[in-house]
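Residue-level structure breakdown
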Amino acid sequence: MRAGVLLRAFVPNFTETLLHFDGFGPGSAFKKTAGALSPTATVPILVDTDARDTFGDPLTIWDTLAIAEYIAEYTDDAVWPKDRVMRAQMRSLCAEMHAGFHALRSNCPMNIGPDLSQTGKIIWRDHADVRANVDRLVVAWSDALSRSNGPFLGGNFGAVDAYFAPVVMRLDTYGLPVSPEMRAYMDRVIAFPAVADWIKTAIETAVFIDFEEPYRSSPDM
């Protein structure tokens, strides 16, 4: 989602290729296709056909944070805040998101579309580490919005907002308790055109995969 949102926001002339997921095993069609493009066989994968690496092949970037930095260099738009201090702070938040919030991410797997608020109530009740992750989000988002004066974390919509977009969707899908300030920020992110378009595409192309659905036994639940 992060790379897809950033490309929609800052590089509108890109081409998106959907890789259907069928498993993590090396023999899966997903791993074979992704492995032919990236050494990690994971997504997202950004291929710039206008750039060549040292071997003369199209440039391939396979890490979300590296993709964000490449988009920032590719476009003149402010993917990061122009202010050096603010830029460093927003990069720190992205790095924290990149490596942290494990409880929220593992207990509330990304799932756009269904209403999992009843499941969210149980998760919230039973997992103190999820509550701690959300408490950290309250502090981080409030601090960033205070520093930038909003409406987004770094002022204008940028890499840090795209980075937290999957978290916004988790909080929304699972109906986890949030403050009015957090809810207002979440609503702004969800309504931002690049995010709204990504959400629409995700719902339209969604395929129900039972082993990836810990909280549903069918797509109608």
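Structural notes, computed from the coordinates. (Residues numbered from 1 in each chain as written. Predicted model: local features only at pLDDT ≥ 70, side-chain atom pairs only at ≥ 80, totals over all residues. Heavy atoms only, no water.)

Bringing unusual backbone geometry into the picture now. Here Val43 and Pro44 are connected by a cis peptide whose omega angle stands at 5°. Among the structural elements, Pro44 can be located in the loop between helix H2 (29-35) and strand E1 (46-52). Gly150 connects to Pro151 through a cis peptide bond whose omega is 5°. Assignment of secondary structure puts Pro151 in the loop between helix H7 (128-148) and helix H8 (159-173). Of note, the phi angle at Phe101 is positive, near 55°, even though the residue is not glycine. Its location among the elements puts Phe101 in the loop between helix H4 (84-99) and helix H5 (102-107). A positive phi is found at Asn149, a non-glycine position, where the angle reads about 65°. Structurally, the position occupied by Asn149 is in the loop between H7 and H8. Judged by relative accessible area, Asn149 falls into the exposed class, the value being 67%. (Helix = DSSP H or I, 4+ residues; strand = E, 2+ residues; numbered from the N terminus. Buried < 20%, exposed > 50% of the residue type's maximum accessible area, 1.4 Å probe, protein only.)

Moving on to helix H1 (residues 2-10). Most of H1 sits out of view: 8 of its 9 residues are buried. The elements touched by buried residues of H1 are E1, helix H3 (64-74), H4, H5, H8 and helix H10 (193-205). (Contact = heavy atoms within 4.5 Å.)

The next point concerns the pairing of strand E2 (residues 58-61). Where E1 meets E2, 4 bridges bridge the pair, whose relative direction is antiparallel. Its bridge partner lying in E2, Val47 is registered against Thr60. Count of turn residues in the E1/E2 antiparallel hairpin: 5 residues, of which Gly56 carries a positive phi of about 85°. (Pairing = 2+ DSSP bridges.)

Read these as geometric descriptors, not functional statements.
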